[in-house]
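What follows is each chain in one-letter form.
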Amino acid sequence: MPWQRTLQTTSSSSGFVVDVPGIGRRVLTNAHSVEYGSISLVQRRGAERKYPAAVEAIGNECDLALLRVDAPEFWAGLDDGGEGGGMALRF
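Residues numbered from 1 in each chain as written. Predicted model: local features only at pLDDT ≥ 70, side-chain atom pairs only at ≥ 80, totals over all residues. Heavy atoms only, no water.

1. With respect to the overall build of the chain
Right, so step 1: Secondary structure summary: the chain contains 2 helices and 7 strands in total.
Right, so step 2: Counting over 91 residues, the chain shows a buried share of 33%.
Right, so step 3: Pairs at least 24 residues apart make up 60% of the contacts formed inside the chain by residues separated by at least 6 positions.
Right, so step 4: Per element, the accessible surface of the chain, about 6,200 Å² overall, is 52% carbon and sulfur. (Helix = DSSP H or I, 4+ residues; strand = E, 2+ residues; numbered from the N terminus. Buried < 20%, exposed > 50% of the residue type's maximum accessible area, 1.4 Å probe, protein only. Contact = heavy atoms within 4.5 Å. Areas by Shrake-Rupley, 256 points an atom, 1.4 Å probe, with all protein chains shown as cover.)

What follows is the structure, given as structure tokens:
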């Protein structure tokens, strides 16, 4: 029925960090993971904290999406050879 609310669900996916020339670091993930989500949160592998992410681009033809994370703490340790290339994403 149109007036009934459906249950909210969560899903998870994976992604990795890319450095886009002229734009900066972004998280690349699958488009189907974020295209219908209302809130996107990213979480580095092994970490507990989640950070808000904005979907900047979705390419359904290639099933890729580009996410922007504004929190500097999320990116900490990536420039000095620290871990973080892979992460769990939650939506």
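2. Side note on the side chain of T29
Right, so step 1: Examined against the element boundaries, T29 turns out to sit in strand β2 (residues 24-29).
Right, so step 2: Since its relative accessible area comes to 4%, T29 is described here as buried.
Right, so step 3: At 2.7 Å, the side chain of T29 forms a polar contact with the backbone oxygen of S14. (Polar contact = N/O pair within 3.5 Å; in protein donor to acceptor, adjacent residues only side chain to side chain.)

3. Thoughts on the nonpolar core
Considering soluble globular proteins, one finds that nonpolar side chains tend to be buried as a cluster.
Right, so step 1: Counting residues in each nonpolar core, the largest one holds 13 residues, and the members touching the most others are V27, V42, Y51, L67, V69, F74 and W75.
Right, so step 2: When contributions to this core are tallied by element, the ones reaching two or more residues are α1 (31-34), β6 (64-68) and α2 (72-75).
Right, so step 3: Filtering out sequence-adjacent residues up to four positions away, Y51 remains in contact with S40, L41, V42, V69, A71, E73 and F74. (Core = buried A, V, L, I, M, F, W, Y, C linked by side-chain atoms within 4.5 Å.)

4. Considerations on the side chain of R26
Right, so step 1: Within the secondary structure, R26 sits in strand β2.
Right, so step 2: A distance of 2.7 Å separates polar atoms of two side chains, one belonging to R26 and the other to E56.
Right, so step 3: Leaving out residues up to four positions away in the same chain, R26 has contacts with F16, V17, V18, V20, E56, L66, L67, R68 and W75.

5. Some thoughts on the pairing of β6
Right, so step 1: Relative to β6, β2 is paired through 3 bridges, and the arrangement is antiparallel. Within β6, the position partnered with T29 by the bridge is A65.
Right, so step 2: Sheet analysis places strand β5 (residues 54-59) next to β6, joined by 5 bridges and oriented antiparallel. Its bridge partner lying in β6, A57 is registered against L66. (Pairing = 2+ DSSP bridges.)

6. Section: the confidence of the model for the chain
Right, so step 1: In the predicted model, the chain carries a mean pLDDT of 83, and the fraction of residues at 70 or more is 78%.
Right, so step 2: Contacts from residues 80-84, a stretch scored under 50 in pLDDT, to residues over four places away or in other chains number 8 contacts. (pLDDT = per-residue confidence, 0-100.)

7. Regarding the pairing of strand β1 (residues 12-20)
Right, so step 1: In this sheet, β2 lies alongside β1 in antiparallel orientation, the contact comprising 6 bridges. Opposite V20, over in β2, you have G24 as the bridge partner.
Right, so step 2: Linking β1 to β2, which pair antiparallel, is a turn of 3 residues; within it G22 sits at a positive phi near 80°.

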